[in-house]
Amino acid sequence: RHHLPQVGEHWARLGLDFRVIILEWWLTCFVSILPLHIAVRAWDMILLEPAGLIRVTLALIEVLAHKFLREDGEGTLVMLTHMEAHAAFLAADALMDAAHRFDVSYPQFQAWVNGEEWQVDAAPSAATNIRETVQRTDTSELDTKESLATCDRIESCS
């Protein structure tokens with residue numbers, strides 16, 4: 001809610017408690033919602049950093065914010081629980097770069113899990129950083145075009 005206030009406010013209006021929904025993401029270490037080649041990259045961060053789980057979660061929400069903001073309650077629930085169709089266009093490097101930009105300590109992670117208020121610091125423009133990563137990454141031309149279009153949509157939501 002602090003880092004992406006538009007998404008947080010939208011979900012609050014819909015009456016969604018995101019902590020309940022991400023339980024599946026966390027219990028499956030993102031395998032249930034991400035393509036395997038991206039989930040494996042998320043595992044590296046989760047295993048190497050105490051707050052890696054929350055960083056990947058926040059990055060995923062940030063990258064898909066433009067889609068979340070267009071959905072009603074039912075559409076949002078479907079998207080959150082069946083994200084593999086929406087996450088298929090993601091570039092692993094772009095998602096991991098977004099996750100690395102979040103400055104989350106383990107105490108902040110614990111506060112979030114306990115429902116306490118806290119602030120996450122992140123770079124001002126995620127779309128800019130993702131765009132730069134996509135342009136540096138050796139991906140197919142189609143993946144690059146789709147990822148850059150996503151960056152444009154993210155910037156329009158900011």
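About the thresholds
- Counting from 1, residues in each chain are numbered in the order their sequence is written.
- Under the rules for a predicted model, residues below a pLDDT of 70 receive no local features and side-chain atom pairs below 80 are neither given nor counted, while totals for whole chains, interfaces and linings still include all residues.
- To obtain the side-chain values, all non-hydrogen atoms of the structure were used and water was disregarded.
- The buried label goes to any residue with under 20% of its type's maximum accessible area, the exposed label to any with over 50%, and the partly exposed label to all in between, with areas taken from a 1.4 Å probe on protein chains only.
- Strands are runs of DSSP state E lasting at least two residues, helices are runs of H or I lasting at least four, and both sets are numbered from the N terminus onward.
- To obtain each axis, a line is fitted to C-alpha atoms, and for helices this fit is confined to the stretch in contact; angles are then taken between N-to-C directions over 0 to 180 degrees.
- Orientation labels follow simple angle bins: below 35 degrees gives roughly parallel, above 145 gives roughly antiparallel, 65 to 115 gives roughly perpendicular, and whatever is left gives oblique.
- Handedness of a crossing follows from how the near helix is turned relative to the far one, being left-handed for an anticlockwise turn of less than a right angle and right-handed for a clockwise one.
- When checking whether two residues touch, look at their non-hydrogen atoms; a contact exists if any pair is within 4.5 Å.
- Note on residue categories: nonpolar means Ala, Val, Leu, Ile, Met, Phe, Trp, Tyr, Cys or Pro, charged means Asp, Glu, Lys or Arg, and polar means any other residue, Gly included.
- Joining through side-chain atoms within 4.5 Å is the link that ties buried Ala, Val, Leu, Ile, Met, Phe, Trp, Tyr and Cys residues into a set, and such a set is a nonpolar core.
- Side-chain rings of Phe, Tyr and Trp, where Trp is taken by its six-membered ring, are said to pair if the distance between their centres is within 6.5 Å; with planes under 30 degrees apart they count as stacked, over 60 as edge-to-face, and otherwise as tilted.

**Considerations on helix α8 (residues 92-101)**
- Here α8 lies mainly inside the structure; seven of its 10 residues are buried.
- When α8 is considered as a whole, its buried residues turn out to be Ala92, Ala94, Leu95, Met96, Ala98, Ala99 and Arg101.

**Focus on the packing of helix α2 (residues 18-27) against helix α4 (residues 52-63)**
- At their nearest, the axes of α2 and α4 sit 12 Å apart, and the two run at 110° to each other. The pairing of α2 with α4 is recorded here as roughly perpendicular in orientation. Where α2 crosses over α4, the two elements pack in a sense that is right-handed. Along the contact surface, α2 presents Phe18, Ile22, Trp25 and Trp26, while α4 presents Leu53, Ile54, Thr57, Leu60 and Ile61.
- Grouping the constituent residues of the contact of α2 with α4 by class yields eight nonpolar, one polar and no charged.

**Considering the environment of Trp11**
- One can find Trp11 in helix α1 (residues 5-14).
- Put simply, Trp11 and Phe68 are 57 residues apart on the chain and 8.7 Å apart in space, counted from C-alpha to C-alpha.
- Apart from residues lying up to four places away in sequence, Trp11 is in contact with Leu16, Phe18, Ile61, Phe68, Thr76 and Leu80.

**Things to note about the environment of Arg70**
- Note on placement: Arg70 falls in the loop between α5 (65-68) and α6 (73-81).
- The spacing of Arg70 and Val7 is 63 residues in sequence and 10.0 Å in space, taken between C-alpha atoms.

**Remarks on the nonpolar core**
- Trp25, Phe30, Leu34, Leu60, Phe68 and Leu95 are the most contacted members of the largest nonpolar core, which has 39 residues in total.
- Counting residues per element, the ones that place at least two in this core are α1, α2, α3 (36-48), α4, α5, α6 and α8.
- Element by element, the count of residues in this core is highest for α4, at eight residues.
- Aside from chain neighbours lying at most four places away, what touches Trp25 is Phe18, Phe30, Ile33, Thr57, Leu60, Ile61, Leu80 and Met83.

**Notes on the packing of aromatic side chains**
- According to the stated counting rule, one finds two aromatic pairs in the structure shown.
- Measuring from centroid to centroid gives 6.3 Å for Trp25 and Phe30, while their planes differ by 50°, and the two rings are tilted.
- The class for Trp25 is buried, based on a relative accessible area of 0%.
- Residue classification places Phe30 among the buried residues on the basis of a relative accessible area of 0%.

**Notes on unusual backbone geometry**
- For Cys29, which is not glycine, the phi torsion reads 50° and is therefore positive.
- Relative to the elements of secondary structure, Cys29 occurs in the loop between α2 and α3.
- Overall, the relative accessible area of 30% leaves Cys29 in the partly exposed class.
- Its identity is not glycine, yet Phe30 carries a phi of approximately 75°, on the positive side.
- As for its position among the elements, Phe30 is in the loop between α2 and α3.

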